[in-house]
Amino acid sequence: MQKLLDKAWPAAFALFLGMAALPSLVFLVLVLLGDLPLYPALLAWGTCAVVGGTFSILLGRDLVVMSRLLRALRSAAGALSSETMLLVPGMRQVGQEAIRLVHAERLSRARLLASVAEDRALVERLPDPLLKLDEDGKILWRNDSAISGFGGEIAALLRHPDVRDALAEAAEIKVAVRREVALSVPVARDLDVTMIPAGGPVYMLVNDRTHERALEKMRADFVANASHELRTPLASLIGFIETLRGPAADDPEAQQRFLGIMAEQAARMQRVIGDLLNLSRIEITEHSPPKELVHLPLLLERIVAGMEPMLKANDARLEVAVPADLPKVPADADQLTQVFTNLLDNALKYGKRGGVIKLTASIAPDTRFEPGGVAISVADDGIGIPREHIPRLTERFYRVDKGRSRAIGGTGLGLAIVKHVINRHRGRLFIDSDAGKGSVFTIWLPGRGS
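What you see is a predicted model, and the numbers here were worked out from it, not measured in a lab.

> Report on the packing of helix H8 (residues 252-284) against helix H12 (residues 414-424), specifying residues and quantitative values.
Between H8 and H12, whose axes approach to 9 Å, the crossing angle comes to 15°. It follows from the interaxial angle that H8 and H12 lie roughly parallel. As H8 packs across H12, the resulting crossing turns out to be left-handed. Touching Asp275, Asn278, Leu279, Ile282 and Glu283 of H8 are Ala416, Ile417, His420 and Val421, all from H12. Residue composition of the contact of H8 with H12, grouped by class: 5 nonpolar, 2 polar and 2 charged.

> Which residues make up the sheet that holds strand E7 (residues 317-321), and what values do they have?
The mixed open sheet is built from 5 strands, whose spatial order is E7-E9-E10-E12-E11. Where the open sheet ends on each side, the last strands, each with one partner, are E7 and strand E11 (428-433). Each adjacent strand pair in this sheet contributes to an overall mean axis angle of 15°, direction not counted. Where E11 meets strand E12 (residues 439-445), 6 bridges bridge the pair, whose relative direction is antiparallel. Across the sheet, the residue bridging to Leu429 is Ile443, located in E12.

> Run through the sheet that holds strand E1 (residues 130-133), naming residues and quoting values.
On the basis of which strands lie adjacent, the open sheet formed by 5 strands has the order E2-E1-E5-E4-E3 and antiparallel pairing. The outermost strands of the open sheet, each flanked by one partner alone, are strand E2 (139-142) and strand E3 (177-183). Strand after strand, the sheet turns through a mean of 25° between neighbouring axes, direction not considered. Here 4 bridges tie E1 to strand E5 (residues 202-208), and the two strands are oriented antiparallel to one another. If you follow Leu133 over to E5, its bridge partner there is Val202.

What counts and what doesn't
- Residues numbered from 1 in each chain as written.
- Predicted model: local features only at pLDDT ≥ 70, side-chain atom pairs only at ≥ 80, totals over all residues.
- Heavy atoms only, no water.
- Axes fitted to C-alpha atoms, helices over the stretch in contact; angles between N-to-C directions.
- Helix = DSSP H or I, 4+ residues; strand = E, 2+ residues; numbered from the N terminus.
- Parallel < 35°, antiparallel > 145°, perpendicular 65-115°, else oblique.
- Left-handed = near helix turned anticlockwise from the far one by under 90°.
- Contact = heavy atoms within 4.5 Å.
- Nonpolar A, V, L, I, M, F, W, Y, C, P; charged D, E, K, R; others polar.
- Pairing = 2+ DSSP bridges.

As structure tokens, this is what we get:
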């Protein structure tokens, strides 16, 4: 109450001066003209001053209270002052209406904020990426799906010519515009992009169709690849079965030899089908980078331990130079296990018997890689690969030496699997080799901040 009175004094003093100025001037003129005795004039003037001062104080206090109520209308939070009762009769009704208006306004504002919060929470939880862009295509806001689905790759999408054209058209005609967009980097993605103008900004809704179209492609590729690769072993099996049922029906020695060949062909078919299914599963998730952080030294240590029986069988030696303090990288541990197992297995198959295989890892700068990642290399001292074959090594079923590859149990899909896994990790694969000098397969994986 004391603070309120302290603030009311300036207003009260101004009101008092305004109200007392004219009566004081009248009393002074009447006294000077002799029309009013001095003492009655002083008594009347004092009475008017007391009444005017009291009224000024009350009215000044009410003005301060009213100003607080008006400020409360502008603020979204905070309790009303405990001093809300207006004392001047004419001001009391105005104050009560002001208090009701403040409460109604705050209630309306609270409901609006709650509605906005619900709408924002709904937009944040949309499964499809949603971005708010200005007229120049700069990002003003994006939901969680856009962050998790694209991350740092969103710039490549916004620079796409079809996206830029759709943004310009939507901003011009003020109607939603839809485009089908095919991205090729860092991985192939099929997107449906809808630009929705909303006054100044434009909302971009992205529907990722990569998974559905990858499924369609997977079915077509699986049938085509399986029919191509299984035709030869299947024909062999049919031929041997006919032989066993006919000329070799009573020849135990031929039966044993043919059954062994049939078992090899069946195992080959099983490997091809298994690798095709595995490759198809990897391609379906290739557009979605992994989020889990993996410590590579522990992963490589487990892979090396699992390779020991094969190393002993080939009389080979594996030299490992993997620092224990390598930073963790975003990765799928199971898929990386398959990648490095494939590379080490290839080094054993195509390296010298009794030779040396080197597994190294480093974070040292290299002009071939972006900074902040980890490079892992698998090197052998085998027959090497002629340079004209290197660009095609990651193609499905491509073999440098078809006879040797089939003889050692290769399906021609190992490096294709490696390529697609590395694509999913947004990494890079480098192959260095010369005929007769061995081969070096280097994989670069981006760090968590890349």
